[in-house]
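# Coordinate analysis (summary)
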Amino acid sequence: MTGVGAHLADRQGNRQRDWHTDRLALSGAARRLLTDVRTDPRAGLVAGVTGPGGTGKSGLLDALTQAYDQAGLTVHHGLPDGPPSADAVVLLDDAHLLDEVRLTDLTTLAGRPGARLVVAYRPWPLRPALSTLARSRPEVRLGHLDRSEVAALLPGASPDLLDEVCARTGGSPALVELAAAGLRAGRTDPVGAGLDRVGGELDRLPPLVRGLLLALAVGAEASARSLAELLATDLAAATDALDCAWSVGLLADTGEVIGLVAQAVTRSTSGIAQRETKRRLAELQLDHGGPLLPTGRLLLDVGARGPRAAAALEAAGDEALTDSAALATDLFAGAVAAGASPVRLAARRAEAAALTGDLDGALRLADRALADTAVSDRARAASVAATVLAHRGMLGDSATLSLSADTAARAATGAAVTALLGVGELDAAERELSVLDSARTDTPALVASVGSLIAHGVHHTVSGAELVGLSELVQAARLLGERANTTLLPDAPAALAALVAIHLGEPDVAARMVDRALTSQPAGAIDVTRCRLLNGWIALLRGELATVETTLAQLTGLLEPRDELYAAALAVGLARRRTDLPGLMAAWPQAREALLAHPVDLYVLQPLGEIAVAAAKLHEDHLLAGHLSQAEAMLDRLGRPPLWSGPLHWYGLHAAIAAESPAAAVRHARSMTAMASRGRCAAALARAGGSWLRVLAGDVDVAAVTGAARDIQAIGLVWDGARLAGQAAIRTTDRKAMATLLSFARALQEGPPADAAPAAAQSGEVTLSSRELEVAALLVDGMTYKQIGERLFISAKTVEHHIARIRHRLGDPARREMVARLRMMVGATAV
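Cut-offs used in this document
- Residues numbered from 1 in each chain as written.
- Predicted model: local features only at pLDDT ≥ 70, side-chain atom pairs only at ≥ 80, totals over all residues.
- Heavy atoms only, no water.
- Helix = DSSP H or I, 4+ residues; strand = E, 2+ residues; numbered from the N terminus.
- Rg over C-alpha atoms; globule rule 2.2 N^0.38 Å.
- Contact = heavy atoms within 4.5 Å.
- Areas by Shrake-Rupley, 256 points an atom, 1.4 Å probe, with all protein chains shown as cover.
- Buried < 20%, exposed > 50% of the residue type's maximum accessible area, 1.4 Å probe, protein only.
- Expected span 1.5 Å × (residues − 1).
- Salt bridge = Lys/Arg side-chain N within 4 Å of Asp/Glu carboxyl O.
- Pairing = 2+ DSSP bridges.
- Right-handed = clockwise from strand over helix to strand, strands pointing away.
- Phe/Tyr/Trp six-rings, centres within 6.5 Å; stacked < 30°, edge-to-face > 60°.
- Lys NZ or Arg CZ within 6 Å of the ring centre and 35° of its normal.
- Core = buried A, V, L, I, M, F, W, Y, C linked by side-chain atoms within 4.5 Å.
- Bend = angle between axes of the 7 residues up to and from the residue.
- Polar contact = N/O pair within 3.5 Å; in protein donor to acceptor, adjacent residues only side chain to side chain.

Turning our attention to the overall build of the chain. Looking only at helices and strands, the chain has 44 helices and seven strands in total. Here the C-alpha atoms of the chain give a radius of gyration of 37 Å, more than 25% beyond the 28 Å that 2.2 N^0.38 yields for 831 residues. Dimensions of the chain, computed from the C-alpha atoms along their principal axes, are close to 110 × 80 × 45 Å. By sequence separation, contacts in the chain at least 24 residues apart represent 65% of the contacts at least 6 residues apart. Summing over all exposed atoms, the chain offers an accessible surface of approximately 34700 Å²; the carbon and sulfur share of this is 53%.

Bringing the environment of Ala722 into the picture now. Relative to the elements of secondary structure, Ala722 occurs in helix H39 (residues 718-729). With relative accessibility at 0%, the residue Ala722 sits in the buried group.

Our focus in this paragraph is helix H16 (residues 307-320). Taking 1.5 Å as the rise per residue, H16 with 14 residues should run 20 Å; its terminal C-alpha atoms sit 20 Å apart, in good agreement. Buried within H16 are the following residues: Ala309, Ala310, Ala312, Leu313, Glu314, Ala316, Gly317 and Ala320. On its buried face, H16 is in contact with helix H14 (271-288), helix H15 (293-302), helix H17 (325-338) and helix H18 (342-355).

Oppositely charged side chains may form a pair once their charged atoms are brought near each other. Per the counting criterion, the structure on display carries 29 salt bridges. A salt bridge links Glu139 to Arg141; the nearest nitrogen and oxygen atoms lie 2.9 Å apart. We classify Glu139 as partly exposed; its relative accessible area is 22%. The exposure class assigned to Arg141 is exposed, which follows from its relative accessible area of 61%. We note a salt bridge from Glu800 to Lys797, for which the minimum N-O separation is 3.8 Å. Of the two residues, Glu800 and Lys797 are both situated in helix H43 (residues 796-809); the distance of three residues between them amounts to about one turn of the helix. When salt bridges with common partners are traced through the structure, they connect Glu314, Asp318, Arg344 and Arg348 into a single cluster.

Further remarks concern the pairing of strand E3 (residues 88-92). Across the five residues that make up E3, a large majority, five, are buried. Neither face of E3 is open: one carries Ala88, Val90 and Leu92, the other Val89 and Leu91, and all of them are buried. Pairing of E3 with strand E4 (residues 116-121) involves three bridges; the strand directions are parallel. Residue pairing across strands places Leu92 opposite Val119, the latter belonging to E4. In this region the chain leaves E3, passes through helix H4 (residues 100-110) and returns to the parallel neighbour E4; the handedness of that crossover is right-handed.

Here the focus is the packing of aromatic side chains. Inspection of every chain in the model, using the stated rule, returns two aromatic pairs. For the pair Trp537 and Tyr566, a centre-to-centre distance of 5.8 Å together with 80 degrees between the ring planes defines the contact as edge-to-face. Remark: Tyr566 occurs in helix H31 (residues 561-577) and Trp537 occurs in helix H29 (residues 528-542); sequence separation between them is 29 residues. The burial state of Trp537 is the same as that of Tyr566; both residues are buried. Here the basic side chain of Arg577 rests over the ring of Trp719, its NZ or CZ set 4.7 Å away from the ring centre.

Core analysis: the biggest nonpolar cluster contains 124 residues, and Leu605 and Trp644 have the highest contact counts within it. Looking at this core element by element, the count peaks at 10 residues for H31. Apart from residues lying up to four places away in sequence, Trp644 is in contact with Thr461, Val462, Leu499, Val500, His503, Leu602, Tyr603, Leu605 and Leu635.

Bringing helix H32 (residues 581-597) into the picture now. Look at H32: 25 Å from first C-alpha to last across 17 residues, which is about the 24 Å you get at 1.5 Å a residue. Most pronounced at Trp588, the bend in H32 amounts to some 35 degrees, and the proline Pro589 follows within four residues. Those residues of H32 that sit buried are Gly583, Leu584, Ala587, Trp588, Ala591, Ala594 and Leu595. The inward-facing, buried residues of H32 contact H31, helix H33 (605-617) and helix H34 (625-637). If you check the start of H32, you find a side-chain oxygen 2.9 Å away from the backbone N of Gly583, and it comes from Asp580.

Below you can see the structure in the form of structure tokens.
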């Protein structure tokens, strides 16, 4: 027996039981054994049970003990000194620790006619006598649990908790049971309940096995040959140490160290010892070659220095760049610290920084690379700089930088085409598109396909093939898939697809695109904020104001100009839809500043339009005249594509109405009518625009209004559709038509408003209905009767009647007292 095996032999009588419950995930063979004993406990039986520590051997013996006790048989938990009686049963645990004499006695006992003997042992150290026992049935093998078996022991556990338990316990039944007990006890870290058990096992291991576990914990391969080299021992000793660690139950079936074991061994090992192990492992990995990412992690952890370490860290950073930009950032920084050239690495560091959302750092590093003509990957630096400038709204400069790269790099992203179209340079964009089409064969298939789909998709949105363009952008987003996290683009294809879908009147498609992107993106990724804001924009158009509030609340830190513009437009749009004049005034300065920081381009026309309406309401519309003129000129250069022009005219109509400018309103309505034949969305906007003007003139046709409102609801403008019906209702003198339109306006919204009041509120003996409480809440907020009516799609006269009833129920108090009491009631309901 080797040194490790001899060590285990000394542990007899000093072990914890493996498993102490009969509600465990036993193998089918174990359950059949238990069932047979319960069915006929007096039958002769010789059986072996094997498995690593913690897999349920002791638990099975406990269950067998109970079955034999209930049958009135005498149970021995060790070898009896003499021949057992006729009604005796021998249940022997840890048989792998028996000496040779006792093993001979065990073999003799197993050969007795009618013997009842169940022997449990670990699969190592190997004891030939145990494997040659005469048995009445095959050996019962116990092992680790799979995910479904873990789930059976943790009823009601969430998928995330199941994943954590499986990862940290390796499916060890004993550790899973401890996690289940911790969960039942309400522990904040139920899985951590197994740390004490693991720590106890570690304390009893020989130094070689502990060293092996530390090596595995810091990333060593579970190979006896490589571990022998790392631990400076011979192959036989390393093999025994591996077998020992597995037999004790500290390794998964794959040979990887169990998560809790890695945590326990690193926690109980000094930092110096850990760094030394990592350093030696990194040196060996460098000597043997192969993928450098694991080596790079080790070198980074130990702060390695020197040319060899710098080269390895650089290569590891290149590997990480295709998977984790954050890790690549750290590895490249480590390479520079180890002695690599900062200028030579600047472009790659810039790309990694941009992918993690650090655009300031990315632009600084890209500029450093562009300033040195000796840098070999200046095209990469130009691409990074172009991306940053696009996020900051500087599409003209972004296009210039994109065009400075070589053709293959430009074909990979289609960025120049997207930027050129964004500033209205149609001829230049089409020339670039022709160049890229001829260069596709020189770039990798996936990259070329994504870049081509993006470029052609955006071009089709201005050339009249809008649905084709949307399809191509959706394909690009799907094709890119998870690589979106490691592919640098001026705008994510998912975001572009969502934006086009919004303009095309396909809000469900848009919502699915941003949801898919947000699900696959890490928290700090470059496009996360962009997609969140687009999600909020969809909600704004639908009138889902609580979602808009949530979107704005999630924004943290300084935003890039493009994101800041969308956020500002959401804020003024939210206030406008709530008829909240103080809120609109408070949001206006941010909107004005955002416009100053972001030049007009094709991809911000809707936010520009929303801010234009707000400006008109605040009599600040003169401040946007230049921006709107630029937008009109840009659309003229693109040939007035309906997809992009229609929504801007829709907002222009409402800005003109707010500014009380009939001529401008008619001009926008006529522009929409001229495009009515160019698709479903254009037709809906044209019909609704005409309906608005007729309503404002006092011509209320219920069928025409409801038809137009349904049309724009179908293209995602739910709030606008409801408002059209509501405005028509308060302008008609026909009470039947008014009731019909108000009912229609309320029904048009999908369910009750997210911020609607509860069904009723009570204050003392006073109870308010749902509608009365809605009116009261808005009155407390300082709204006028007219504003409340517009908000709830009822007339100002109806609001007056509601408030009169509320006042009467409260005992006809003075207005100040009534408002104070209502404020208490509304506040109590909100809680």
